[in-house]
Every structure is written in C-alpha cells, then in structure tokens.
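What follows is the residue order along each chain.
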Amino acid sequence: DTEVTQTPKHLVMGMTNKKSLKCEQHMGHRAMYWYKQKAKKPPELMFVYSYEKLSINESVPSRFSPECPNSSLLNLHLHALQPEDSALYLCASSQEMWDEQYFGPGTRLTVT
Amino acid sequence: RKEVEQDPGPFNVPEGATVAFNCTYSNSASQSFFWYRQDCRKEPKLLMSVYSSGNEDGRFTAQLNRASQYISLLIRDSKLSDSATYLCVVLGDGGSNYKLTFGKGTLLTVNP
C-alpha cells in the first residue's frame, strides 16, 4: 500500500485566517515533503523532513510553518496568506530521502 | 540550460499508437530518475523508476542513458486512459541534496 492521505481536500480561507493542512502515511517512510503546485506547472518543493527533523526549507515565507509531530504525520500551518498562495498543496513521502516519492491527493487552497 | 527538459508537446495520438517521450537533464551527478504521470487536477503518480539497464512494465518501457544524460519513456498500444501529463523527474545532485527536479511535463491525449 503506497497511500498518503491529506486533509482537507479543499480549503477556502481569508487573508487573516489561520488554518492547517494535514498529511499522514503509514508506510513507515522516514522522509516527508510539502510541495506547492500552480496550474500547468510542475510541483515546487517547499519543505523536507527526514526522521522528523526539518532537512530542507526552500526559502519559504514564514506565513507557511511546517510541523512533524511524529514519523507518520506532517502538518503545514498557514497564517496571513496572500491570494497568490492559492494553489494545490501536495504532501509526499519516501522510505528515505533518496528513494522514490509517493504523493497524497493534495489540498486545493483558495485564499480570498 | 534547464535542469530537466522535456518535449513540450502536446501529443495527440490515436488509440493503439506508440508514443515516445524524451527528456534530458543537466546535472551529470544526478542519482535517480523517474517518470510520473499526472491527471488533470490530481496528484503525480509514480509510473516507473528508470535504470541504465532499461526497464519494462507492460506497455511501458523506460530507458536511461547516463553518458548522454537522456531519459526516455515509450508507451505501446496506447489506451484512452493513458491520457495525462507525463513528468520526467530527476533526484539529487551527487551530494547530500536529495531534491526532486521536475520537467515541465508533456501532455498526452489519446483519441478514440
């Protein structure tokens, strides 16, 4: 089973709201990722966690705050977003950082 | 030179056709190579890992030429369900950077 789950599927939030995206995998993978994808573009890496520690932050604005509570869960906390942050946010996981990645279905975020 | 460059497409082919996608990458130290497919408004799904020895999975054949820094994907007897965007993906830069680099994707439409 190569399933990564994400909630919610859709999210509409105002620029002053605080919300969180959640990601879960039960494959025993030790690396988890957040990506942002705009329409007709490939995914862009935001953050990488390896063994529950932040390994890569791709210079993401601080209004995006990742959290890895345990080896199965990854959250992305959102605060004071801008309309241009509207996108599909994808979570992925892999056994180790050098292995193939499996993506969740994504959260489609709209910032109004 | 772009890091991962793919045929821009789009490709429109009839059912049963054979279609080939090509991809080149710029970093000769890249470690792993993949093809993903992405349906409209869905997440990328791993199609195949790509090895120098070539690998085949049913109607799909992938090939890697490290000397030419070239990756290919061949789809035989194409089906309507093969319609999707195909993403060429490269992992790593030879060091401890295990980031995925995506090509822009090639859109395939298989027509009845």
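Predicted model only: the values in this text are computed from it and were never measured.

(A) Expanded view of the state of the cysteines. This model, assessed by the stated rule, comprises 2 disulfides over all chains. In this model Cys23(A) forms its disulfide with Cys91(A); the gap between the sulfur atoms is 1.9 Å. Here Cys23(A) and Cys91(A) share a disulfide; its torsion about the S-S bond, -70°, makes the bridge left-handed. Of this pair, Cys23(A) sits in strand S3 (residues 18-25) while Cys91(A) is found in strand S9 (residues 87-94), placing the two residues 68 residues apart along the sequence. With its sulfur 2.0 Å from that of its partner, Cys23(B) forms a disulfide with Cys88(B). Disulfide Cys23(B) to Cys88(B): torsion about the S-S bond roughly -80°, handedness left-handed.

(B) View of the interface of chain A and chain B. At the interface, 19 residues of chain A touch 18 residues of chain B. For the pairing of chain A and chain B, the buried interface totals around 1,500 Å² over both sides, and the portion due to carbon and sulfur atoms is 62%. Linking chain A with chain B are 1 salt bridge. Between Lys99(B) and Glu58(A) there is a salt bridge whose closest N-O contact spans 2.8 Å. Remark: the boundary between chain A and chain B carries 3 residue pairs in polar contact (both at pLDDT 80 or more). Those elements giving two or more residues to the side of chain A that touches chain B turn out to be strand S4 (31-37), S9 and strand S10 (102-103) of chain A.

So, how was this worked out
- Residues numbered from 1 in each chain as written.
- Chains lettered and ligands numbered in written order.
- Predicted model: local features only at pLDDT ≥ 70, side-chain atom pairs only at ≥ 80, totals over all residues.
- Heavy atoms only, no water.
- Disulfide = S-S within 2.5 Å.
- Helix = DSSP H or I, 4+ residues; strand = E, 2+ residues; numbered from the N terminus.
- Contact = heavy atoms within 4.5 Å.
- Buried area = accessible area lost by both parts, 1.4 Å probe.
- Salt bridge = Lys/Arg side-chain N within 4 Å of Asp/Glu carboxyl O.
- Polar contact = N/O pair within 3.5 Å; in protein donor to acceptor, adjacent residues only side chain to side chain.

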